Amino acid sequence: MNSTDALLPAAAPASAAQDAAGPRRRSAARAARRPGLPGLPAGVLLVVATAYTVGAALGWGTHQLALVMGDFGLAAAAAAAALSCLVHSLRIGGPARPAWLLFGLASAVVAFGNGAWGWYEVVLRTPLPQDSPADYAFLLFAPLAITGLLVLAQRPRTAAGWFCLLLDGWLVAGSLFTLSWSLALGRTAQGQSGDPLDVALALAYPVMDILLVSLVVGLRFRRRDGNRAAVHTAMVALAVTVVCDALFTSPELRSSYHSGELLDAGWFAGSLLLAWAPWSPGARRPSHEHPSAGGVPRRRVASTFSALTPYAAAAVCTAGILYNALGEEHPVDRVVLAAACTVGLALIVRQGVMLLDNLSLAQELAHKESHFRSLVQGSSDVIMIAGADGVLSYVSPAALGVYSRDPEDLVGGNLLTLVHPEDVDRVLREVRRFLARGHLPGLAESTEPSARVECRIRSGTGEWLHVESTVNRHRDGLILNSRDVTERVRLQAQLQHNAFHDPLTDLPNRALFAQRLGAALAGPAGGPAGAGREPDTGRTGAAVLFVDLDGFKAVNDSVGHQAGDQLLVQAAGRLRRAVRSGDTVARFGGDEFAVLVCGRLGPERVQDLAERVRAALSEPYWIGGTELGVAASIGIAIAPHDHVPGAGPKAATDELMRNADLAMYRAKSEGKGRVVLYQAGMRADLERRADLEGRLRTAVREGGFTLLHQPVVDLATGQVVGVDAQARWRSAQGLLLTPAEFLRTAEQGDAAARFARWMLQEAVAAAAARRREWSCTVPVRVRLSVERLCAPGLYEAVAAALRETGLPAGQLVVELARTGPDRTADELGRRLAALRRLGVSTAVGGFGAGSGSLGALARLPFDLLGLDRSLVQDVADSALSRALAGHALRLGRDLGLVTGADGVDHPRQAAVLRELGCRQAQGQAFAPALDETRLRRALTRRAYPVPRPLGAPAGRRPHPGAEARPGGRPDGGQGRGGPLHTASDLPERHVVGGPQGGPHGETAIPPA
């Protein structure tokens, strides 16, 4: 587009705005043509007025009918006008209500006067007497109508305005009075010789009419959309009435007047017009429609008409003087001369006031022009005026500071030559759309007084500036108020960048990563595998790598967060270099990163890329002369294989990111520093764990668990030296189930903490009840995992349970399921030491399995050591198992711990363990987990039978190793301690209380 293109649109532009407004204009036109209630009364009134005029012109056929129609017909028309105006005054509000009330009263007195006239002529059949009630009623019409017009008139706001209004009123009234006196009033006054009251009444009608006409001509009335047409119709009705009154004033017409003649048709029409005025169609025009046709506002002529009114009045006055001077042989009437002199004097004074007003306005205009010129020249915004062809006719001095251009050099040039070529089309489109709004029929210009256009403009230094301009109409062109917004645009761009990038590494953040992933999945290469095509297993459209730095928290704790931030910056750089140029690397926060890989890559190549990333991130970092090391756990999710069929891009994006996150956590749980590719089974495992955790939470909340106790037996004497608290789930059928997988869920999460607290409180409460009711002092053992024992609030929960139940701390044994990894040894030692200071005994179970080290076992404060059931199962049949169990028991004795074994289900196992020096045991060889009733019977019996060691003669003492070593806590065979097993360590279909297993692969124990 060249620089000479016009800015303004054609006279009838075919713009989108016109098309949008077209239906509204067509509907408005149809509404205007639609027949409605206003059209029907108007037609009826026209027919009635025409019929009355024809009847009056023909004399109504009979004299009596003429009298009736001339008197009572006029009374009916005036009564209709009165009723219509009064009803309208009650329906509307605001300052127009008193005016219509006065119009209604004026019509009411006219109806009364015509009724009184008819009473004399029609009913009484007598001539109308002098000074009848009808004369006084007709005399009240003009004052009421005049007052109504004054209510509707616009009142001046200053004293000078009121003075000019009085002068204009007298100019009009005096001129009309002079002309009327010359034509008729003078002869009427001369012909009325006699009673002064008769002369006054004869002159009162025309004088009032002159005043009424003066108000109509000289005053300006409110131009509200809601009452403009009604006011104009009412003024026409009053004008028709005044004309008829003026004709009636003529002596010739008045002397020959009789009711029912053609003059009555004028009064009848005036009353009908006044009755129809409040209900005219224009009175109900919506306020948002422009009154002029085609939406173009009409030119306001009120000011021009008011300015010419004094001169028109002087011309009328001059005509009256000339008629009086030239039409009569005697000298000029003194009344005419006096009125004419006052009119001339008023005109001179009016001109003086106008001159002073014009001088004041000129001074004010000059002051305002100087003021606005100072504002324009001192404004920091550039103000330009452009013509229809885009040529600049004015440029403010601010252009020198904003554009680095001389304003004089810009004047005469085309505005579009300054605009960036890429922005020219958009600027023209916006300006033409704005200007086209003013050409739409039915729309006012104020609907969009200005428009904002933003573009780039070349400065004098050659730099492109971002400029925002406010565009307004100016005659046949435009006014542009422009300001430099380059800094704001740069700030917005920076804020936009910050909203989608990480402030530390300047990598894309999660929002931008998800946006790019969604775009990749929506594209042809990364779209879903549905839509009629099979997934391509040889390539992938998109793959997501979730990266987590292992050991980063330790870096922060050891060398500080500033060094940790430097490590993250270096890791971000390594990630960029390890991936391809088209891949997206993002940081989600903390030490979590993500990589989006797009293109034709198979799973093997994606895994190779992930291994390269892992190797790059795992290399040593040198920060401040210190070598730091972290590893990387990476989870991979590939599309479209992991795409949910039928899901949209948003759902597919979320699903793919969740899968990558899940694979990353699987990599961390499997030992960290590795790459794991997402498999469908991971999601199923997660959902199953979530479902089981929900079931566990519900069971704890609704009392679905019960507590059983398994006796712990001394292998030397067979006496019960403790009970192991074990949880069971009560099914809907009343069976007590031991769902191993269900209880394994209790190792993590909030539900696990609730379950551990419940189990601890129930075990302590049951032991306290046994001690209180039947003096049972057998210790109770509660098994907890490392996570639960190190969880916040466990010590407080133990102390609260002992305090509330009154159980001595020495009768509670807290057993650790396994020692756990070495990294938890320090915290675990502090927790165990706190419990022992409280008086609670501690034990470790599951020895011989798990990831705990012997060093951790030596450092931790335990009282008892229990063998894991995996060492006990084959101890009677396998020499290797026997040797391992023997070494473990010997280690426990050397550490001064009471030894025990879990899962002793056969007598031969008990015999071997007794021979190896094991002190305590629990399992099916002695008793299953029992309810309170069966447990009481087990505790009241003297002892369980203990199998003798294999090959030992009767009466032989146990192996010497069974005795407690120094440093232990011997209690004569009643030592506190020994491992406890939970249902999570039992096989899923192991029968505890009977030969039949429970439903869903769970083990059932029949209730007591």
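Worth saying up front: this structure is predicted, and the values here are computed from it rather than measured.

Counting its regular elements, the protein chain contains 32 helices and 22 strands. The buried share of the protein chain, taken over its 1008 residues, is 47%. If you take every contact in the protein chain between residues at least 6 apart in sequence, the share linking residues at least 24 apart comes to 69%. Accessible surface for the protein chain amounts to roughly 49,400 Å². Of this, 58% is attributable to carbon and sulfur atoms.

Turning our attention to the environment of A57. The residue A57 is located in helix 2 (residues 39-58) in this model. Take A57: its relative accessible area is 53%, and that puts it in the exposed class. It is 5.4 Å that separates the C-alpha atoms of A57 and L262, two residues lying 205 residues apart in sequence.

Overall, the prediction assigns the protein chain a mean pLDDT of 75, with 68% of residues at 70 or greater. Here residues 283-302 is a poorly scored stretch, pLDDT under 50, and it has 29 contacts once near neighbours within four places are set aside; other chains count. Contacts of residues 641-646 to residues separated by more than four positions or lying in other chains number 14 contacts, the stretch itself having pLDDT below 50.

Attention now moves to unusual backbone geometry. At D506, a residue that is not glycine, the phi angle is positive and equals roughly 60 degrees. Along the polypeptide, D506 turns up in the loop between helix 16 (486-499) and helix 17 (510-522). Assessed through its relative accessible area of 43%, D506 is described here as partly exposed. The phi torsion at S775 lies on the positive side, around 50 degrees, for a residue other than glycine.

Going through the model one piece at a time under the given rule, you end up with five cavities of 30 Å³ or more. Roughly 120 Å³ of internal volume is contained in the largest cavity. As for the largest cavity, its lining consists of 15 residues, and the residues nearest its centre are L415, V427, C455, S469 and L480. When contributions to the lining of the largest cavity are tallied by element, the ones reaching two or more residues are helix 15 (424-436), strand 3 (451-458), strand 4 (464-474) and strand 5 (477-484).

The next subject is the pairing of strand 6 (residues 542-550). In terms of burial, strand 6 is largely enclosed, as nine of its nine residues are buried. Because side chains alternate across strand 6, one face comprises the buried residues A542, V544, F546, D548 and D550, and the other comprises A543, L545, V547 and L549, equally buried. Two elements, strand 6 and strand 8 (residues 592-598), share seven bridges in a ladder whose sense is antiparallel. Bridge pairing links L545 to V595 in strand 8.

The next thing to look at is the pattern of salt bridges. In total, this model carries 28 salt bridges according to the counting rule given. As a salt-bridge pair, R490 and E487 come within 3.4 Å of each other at their nearest N and O atoms. Taken together, the residues R490 and E487, both in helix 16 and three residues apart, mark about one turn of the helix. One salt-bridge network, held together by shared partners, links D381, R452, E454, E468, R483 and R488.

What the five strands build is an open sheet, ordered 7-8-6-11-12; its pairing is mixed. Two strands close off the open sheet at either side, each with one partner strand: strand 7 (584-589) and strand 12 (675-677). Put simply, the sheet's adjacent strands are angled 20 degrees from each other on average, direction ignored. Sheet contacts for helix 19 (residues 561-578): strand 6, strand 7 and strand 8; angle to strand 8, the most-contacted strand, approximately 10 degrees. Against the sheet, helix 20 (residues 603-618) makes contact with strand 6, strand 8, strand 11 (631-639) and strand 12, and its axis sits at roughly 160 degrees relative to strand 11, the strand it touches most.

Each value, and the rule that gives it
Throughout, residues of each chain are indexed from 1 in the direction in which the sequence is written. Under the rules for a predicted model, residues below a pLDDT of 70 receive no local features and side-chain atom pairs below 80 are neither given nor counted, while totals for whole chains, interfaces and linings still include all residues. Side-chain metrics rest on all non-hydrogen atoms present in the structure, leaving aside hydrogens and water. By the criteria applied, helices consist of DSSP H or I runs no shorter than four residues and strands consist of E runs no shorter than two, each listed in order from the N terminus. With a 1.4 Å probe rolled over the protein chains alone, any residue whose accessible area is under 20% of its type maximum counts as buried; one over 50% counts as exposed, and the rest are partly exposed. Residues count as neighbours in contact if any of their non-hydrogen atoms are within 4.5 Å of one another. In this description, accessible areas are obtained by the Shrake-Rupley approach with a 1.4 Å probe, and a residue is regarded as covered only by the protein chains that are shown. Scored from 0 to 100, pLDDT reflects the predictor's confidence in each residue. Both site types are read off a 1 Å grid over the protein atoms alone. A 1.4 Å probe that fits but cannot get out defines a cavity, while an open set with protein on both sides within 12 Å along at least five of seven lines defines a pocket; lining residues have an atom within 4 Å of a point. Grid points are joined across faces, edges and corners, and a volume is the space filled by probe spheres set on the points. We treat two strands as partners when DSSP finds at least two bridges between them. Here, a salt bridge means any side-chain nitrogen of Lys or Arg that lies within 4 Å of a carboxyl oxygen of Asp or Glu. Interaxial angle, 0 to 180 degrees, is taken between N-to-C directions of lines fitted to C-alpha atoms, where a helix line uses only the stretch in contact.

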